[in-house]
Amino acid sequence: MTEAATARRSRITPEREAELYAAVLGLLREVGYDALTMDAVAARTRSSKATLYRQWGGKAELVVKAIRHGKPDRIGEIDTGTLRGDLHALVRLEDDCTIEQNSALMRGVAMAMHNNPDLREAFRAQLVEPEISGFHQVIRRAIDRGEVRPDCPALDFLLHMMVGGFATRALLDDQPPTRAFLTSYIDAVVLPALGVTPA
């Protein structure tokens, strides 16, 4: 990247970037991914479309970065000394209101990914792969502590189980996921599948 390009990119302060991301998420909740346009983002944030494209390249990258910005990025750092403690701590990173908002947002984005390969690619690179990496660290520590057998067949499905509990709560029960629900789900489903007896 040239020095001039770096200077242009650095004009957006962290505070301004957070404002832009909040506006993008607001629009996303209002109109959905397909109806969200860079023109609408520019108008909502009093930015030029050229600035938005220069900074983020396009709608998919901007939307995924906005979602990523609001998510806790500390899964791999959680280390309470037990797998149960780590998974419960992960649930406590967000309050019920935030969990509900994120659940609705993710359902909308998941639907849009079916018809938008650029969104799917950005989502996988920016959100899925970092989450997988963080979960691998949590599981590696549980294996090293002797809590989980390294050959446990359910290990390959940990993230599937976690996402499943989060995503299907609204679908099956018509209720948002909550801390209490996710904590109970971890104790009743995830830990037993991994051969861990909840204390």
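Just above sits the structure.
Residues numbered from 1 in each chain as written. Predicted model: local features only at pLDDT ≥ 70, side-chain atom pairs only at ≥ 80, totals over all residues. Heavy atoms only, no water.

## A word on the packing of helix 2 (residues 14-35) against helix 5 (residues 59-69)
The geometry of a pair of packed helices is captured by two quantities: the angle between their axes and the separation between those axes.
Link 1 in the chain: One can describe the packing of helix 2 onto helix 5 by two numbers: an axis separation of 9 Å at closest approach and a directional angle of 115 degrees. Classed by the angle they form, the pair helix 2 and helix 5 counts as roughly perpendicular. In this structure, helix 2 meets helix 5 at a crossing whose hand is left-handed. Residue-level inspection shows A18, Y21, V24, L25, L28, Y33 and D34 of helix 2 in contact with helix 5, the latter providing K59, A60, L62, V63, K65, A66, I67 and H69.
Link 2 in the chain: For the contact of helix 2 with helix 5, a count of residues per class yields eleven nonpolar, one polar and three charged. (Axes fitted to C-alpha atoms, helices over the stretch in contact; angles between N-to-C directions. Helix = DSSP H or I, 4+ residues; strand = E, 2+ residues; numbered from the N terminus. Parallel < 35°, antiparallel > 145°, perpendicular 65-115°, else oblique. Left-handed = near helix turned anticlockwise from the far one by under 90°. Contact = heavy atoms within 4.5 Å. Nonpolar A, V, L, I, M, F, W, Y, C, P; charged D, E, K, R; others polar.)

## Topic: the nonpolar core
Link 1 in the chain: In this structure, L28, I67 and L119 are the most contacted members of the largest nonpolar core, which totals 28 residues.
Link 2 in the chain: Elements with a contribution of two residues or more to this core: helix 2, helix 3 (38-45), helix 4 (49-56), helix 5, helix 7 (96-113) and helix 8 (117-144).
Link 3 in the chain: No other element matches helix 2, which puts seven residues into this core.
Link 4 in the chain: Within the second largest apolar cluster, 27 residues are counted, among which are A89, L90, V138 and L155. (Core = buried A, V, L, I, M, F, W, Y, C linked by side-chain atoms within 4.5 Å. Buried < 20%, exposed > 50% of the residue type's maximum accessible area, 1.4 Å probe, protein only.)

## Topic: unusual backbone geometry
Link 1 in the chain: Located in the positive-phi region is R46, a residue other than glycine, with phi close to 55 degrees.
Link 2 in the chain: You can see R46 is positioned in the loop between helix 3 and helix 4.
Link 3 in the chain: For R46, a relative accessible area of 77% gives the class exposed.
Link 4 in the chain: Residue D174 is not a glycine yet carries a positive backbone phi of 55 degrees.

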